[in-house]
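# Observations on the three-dimensional arrangement
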Amino acid sequence: MSDPLGFIPEELRALEREALLREVRALGSPQEPTVTLDGERLILLASNNYLGLATDPRVVAAAAEAAHRWGAGSGSARLISGGTTLHDELESRLSDLKRTEAALLFSSGYLANLGTMSALVRRGDAIFSDELNHASIIDGARLSQASVHVYRHADTSHLAALLREHRGSARRLVVTDTVFSMDGDLAPLPSIVEVCERESAILMVDEAHATGVVGPGGRGAVAHFKLDGEVPVVMGTLSKALGSAGGYIAGSGDLIAFLRNRARAFVFDTAPPPPAVAAAIAAIDVLEQEPERTERARALAQRLAAGLRDAGFDVPEPVAAIVPVLAGSAENALALSRTLRDAGVLVPAIRPPSVAPGTARLRATVMATHTDDQIDTSIHAFAEARVGSGA
Ligand SMILES: *Cc1c(COP(=O)(O)O)cnc(C)c1O
């Protein structure tokens, strides 16, 4: 008798051969500028906690108080009895931050993309997606069963040509990251908005890596480009710069009422837990009171990128807190990551399928709470690793 799960060890061996086998790490400390891993202290250049708010005492206290007042879990979906005035308060804070009429919470950014895309379009409709969009957008497109048309990265002319080709589709949805998760660059939003208006296509943007880091007051890329009110569907996550967990959509009152009824990832999912909701509210408070955190995160990313370029690495100019360091093959990326870890810096190798084959990289991210010294020590470690590899 053959083992019906026999394909699993085979696949694992194949992944290992291709330097693509992935394993989880178990930190022994919170998401701070340095962390402990297997008893060693390392500089953390791998967290999306861009503003350091996941461990900010005010944010942590808000989560703890909410756990005492509201409990650890929410008990049911929002449409049943899982919603509280705390959930409503966060939605109202998010719609204020994003300058929209309303907002809707999801349990994660991933679910916000899945639920929203599959509610807005269906079989017979068409989705237009940047080739570097996040996996949750790709999966949202698949779930919707609409036809998917991928346009070249940040290429608005290609997007416009595809939209013209598919004028017959009932509904057309254009989706893009605003700050791309693995490249850290900005989508050309003004021209995308213009094309969508001309073509009467729906525009949805994913601000996961922009909220808190880009734009005035960290309000995101839509605000950075002064496009408030011109992007009908704005998605974001609470799990990155806002230091908590959960996702949201901001938009018109009608859009939000529609999603409450039609987004299955909202309807059939338990409401986010009160501590996470309270933490996000407190994080927005800090963001508003200390806008210098946003500046600091961006300045540190620029400091890191400049130092790495001086050391001979291929690093694009960062616009947010993400600094990609291109390494080529998965093996090269993995080797560089291991050398850095030995030197006391934690920067993961990003390999296919997260990025295209041949574009494996180290994805370094900074936090507003890193010191200049920690960044400079990291640059030095990269420089030594490069000399050591003979690259
Ligand atoms: C992280 C991320 C998501 C998913 O958000 P979670 O809250 O982690 O589920 C969605 N889109 C982009 C671009 C992301 O980077």
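Reading the values: the criteria
Here, residues in each chain are numbered from 1, in the same order as that chain's written sequence. Since the coordinates come from a predicted model, pLDDT governs what is reported: local features require at least 70, and pairs of side-chain atoms require 80 or more to be given and counted, while whole-chain, interface and lining totals use all residues. Heavy atoms from the whole structure form the basis of all side-chain values; hydrogens and water molecules are not counted. DSSP calls a pair of strands paired once it identifies at least 2 bridges connecting them. Each helix is a run of H or I in the DSSP string that is no shorter than four residues. Each strand is a run of E no shorter than two, and both are numbered from the N terminus. Whether a residue is near a molecule or strand is decided by its heavy atoms; if any one of them lies within 4 Å of it, the residue is near. Definition of a polar contact: a pair of N or O atoms within 3.5 Å, with one able to donate and the other able to accept a hydrogen when the atoms are protein atoms, and with sequence-neighbouring residues admitted only if both atoms are side-chain atoms. Computed by Shrake-Rupley with a 1.4 Å probe, the accessible areas treat only the displayed protein chains as cover when residues are assessed. Any residue outside Ala, Val, Leu, Ile, Met, Phe, Trp, Tyr, Cys, Pro, Asp, Glu, Lys and Arg is labelled polar, Gly included; the first ten of those are nonpolar and the last four are charged. Throughout this description, buried means an accessible area under 20% of the type-specific maximum (1.4 Å probe, protein chains only), exposed means over 50%, and partly exposed covers the range between. When we speak of the arc, we mean the arc of directions from the helix axis to the C-beta atoms. Should any heavy atoms of two residues lie within 4.5 Å, those residues are considered in contact. Residues form patches when they are more than 30% accessible in relative terms and have no salt bridge. Like charges link within 9 Å. Nonpolar side chains (Val, Leu, Ile, Met, Phe, Trp, Tyr) link within 5 Å. By salt bridge we mean one thing: a side-chain nitrogen of Lys or Arg within 4 Å of a carboxyl oxygen of Asp or Glu. By nonpolar core we mean a set of buried residues, namely Ala, Val, Leu, Ile, Met, Phe, Trp, Tyr and Cys, connected to one another through side-chain atoms within 4.5 Å. Under this scheme, a helix contributes an axis fitted over its contacting stretch, all axes are lines through C-alpha atoms, and angles between N-to-C directions fall in the 0 to 180 degree range. Convention used here: a crossover is right-handed provided that the path from the first strand, over the helix, to the second strand proceeds clockwise when the strands point away from the viewer. Ring pairs are drawn from Phe, Tyr and Trp, using the six-membered ring of Trp, whenever the two centres fall within 6.5 Å, and their geometry is named by plane angle: stacked under 30 degrees, edge-to-face over 60, tilted for the rest.

### So, the sheet that holds strand β11 (residues 345-346)
Here we have three strands laid out as an open sheet, ordered β1-β2-β11, and mixed in their pairing. Since the sheet does not close on itself, it has two edges, and those belong to β1 (34-37) and β11, each with one partner. Where β1 lies against strand β2 (residues 40-44), four bridges are found, and the strand directions are antiparallel. Bridge pairing in β2 links V35 to L42.

### Here's the deal with the site of the ligand
With respect to spatial proximity, 16 residues lie near the ligand, and among them D206, H209, T237, S239 and K240 are the closest. The contact in question runs from an oxygen atom of the ligand to an N or O atom on the backbone of G109, over 2.8 Å. One nitrogen or oxygen atom from the main chain of Y110 is found 2.9 Å from an oxygen atom belonging to the ligand. For the ligand, whose unbound accessible area comes to 380 Å², protein coverage reaches 87%. Every element with two or more residues in the shell around the ligand is listed here: α4 (109-120) and β8 (233-237). With three residues, the top contributor of residues to the shell around the ligand is α4. Taken together, the residues of the shell around the ligand sort by class into three nonpolar, 10 polar and three charged.

### Structural notes on helix α5 (residues 135-144)
Along α5, the residues classified as buried are S136, I137, G140, A141 and S144. Angularly, the buried residues of α5 cover 140° about the axis, an arc narrow enough to put them on a single face. Check the buried side of α5 and you find it contacts α4, β4 (126-130), β5 (147-151), β6 (172-177) and β7 (202-206). Positive phi shows up at Q145, right after α5, with a value of about 70°.

### Quick word on a nonpolar patch on the surface
Nonpolar side chains collect at one region of the surface, where L5, F7, I8, L12 and L15 lie side by side and expose about 430 Å² of accessible area between them. As for its position among the elements, L12 is in helix α1 (residues 7-17).

### A short note on the environment of V267
Following the sequence through the fold, V267 ends up in helix α10 (residues 264-267). On the accessibility criterion, V267 (17% relative accessible area) is buried. With 187 residues separating them along the chain, V267 and I80 place their C-alpha atoms 9.1 Å apart. If sequence neighbours within four positions are ignored, V267 has contacts with A77, L79, R260 and N261.

### A few points about the nonpolar core
If you look at the biggest cluster of nonpolar residues, it comprises 91 residues, and the most contacted ones within it are L45, L90, V174, L304, L340 and F382. If one sorts the elements of this core by residue count, helix α11 (residues 274-289) sits on top with 10 residues. Sequence-distant contacts of L45, defined by excluding residues within four places in its chain, comprise L304, V345, L346, V347, P348, R363, A364, T365, H370, I375, S378 and F382. Of all hydrophobic cores here, the second largest spans 25 residues; its members include I127, V233, M235 and I249.

### Looking at the sheet that holds strand β13 (residues 360-365)
Spatially, the three strands line up as an open sheet ordered β10-β13-β12, and their pairing is antiparallel. For this open sheet the edge positions go to β10 (322-328) and β12 (349-350), each flanked by a neighbour on one side alone. Inspection of the sheet shows β10 paired to β13 by six bridges, in the antiparallel sense. Bridge pairing links L326 to R361 in β13. Packed onto the sheet, helix α12 (residues 292-310) meets β10 and β13 and runs at close to 25° relative to β10.

### A look at the pairing of β7
Of all five residues making up β7, four are buried, and the element is well covered by its neighbours. As judged from the five bridges shared by β6 and β7, these two strands associate in the parallel manner. Within the sheet, the bridge partner assigned to V175 lies in β7 and is M204. Crossover β6 to β7 through helix α7 (residues 189-199) is right-handed. Note: β7 against β8, three bridges, orientation parallel. Paired with V205 across the strands is V234, a residue of β8.

### Observations concerning the environment of A63
Mapping A63 onto the fold places it in helix α2 (residues 57-70). Separated by 187 residues in sequence, A63 and A250 place their C-alpha atoms 23 Å apart.

### Quick look at the pattern of salt bridges
Enumeration over the complete set of coordinates arrives at 22 salt bridges. Where E199 meets R167, a salt bridge forms, and the shortest distance between an N and an O atom there is 2.6 Å. You can see E199 sitting in helix α7 and its partner R167 sitting in the loop between α6 (156-165) and β6, a full 32 residues away along the chain. Salt-bridge contacts for D376 lead to R303; the nearest nitrogen and oxygen are separated by 2.8 Å. In this pair, D376 sits in helix α14 (residues 372-389) while R303 sits in helix α12, placing the two residues 73 residues apart along the sequence. Its relative accessible area of 35% is what places R303 among the partly exposed residues. Each of D56, R58, E290 and R293 takes part in one network of salt bridges that share partners.

### Points about the packing of aromatic side chains
Two measures describe an aromatic ring pair: the distance that separates the ring centres and the angle between the ring planes. Per the stated rule, a full pass over the model turns up two aromatic pairs. Plain terms: the ring middles of F106 and F266 are 6.1 Å apart, the flat faces sit at 70° to each other, and that makes the pair edge-to-face. With F106 in strand β3 (residues 102-106) and F266 in helix α10, the pair connects residues that are 160 residues apart, well separated along the chain. Like F266, F106 is buried. The interplanar angle of 85° and the centroid separation of 5.4 Å between the aromatic rings of F313 and F382 together place this pair among those described as edge-to-face. With F313 in the loop between α12 and β10 and F382 in helix α14, the pair connects residues that are 69 residues apart, well separated along the chain. According to the relative accessible area criterion, F313 is buried, its value standing at 10%.

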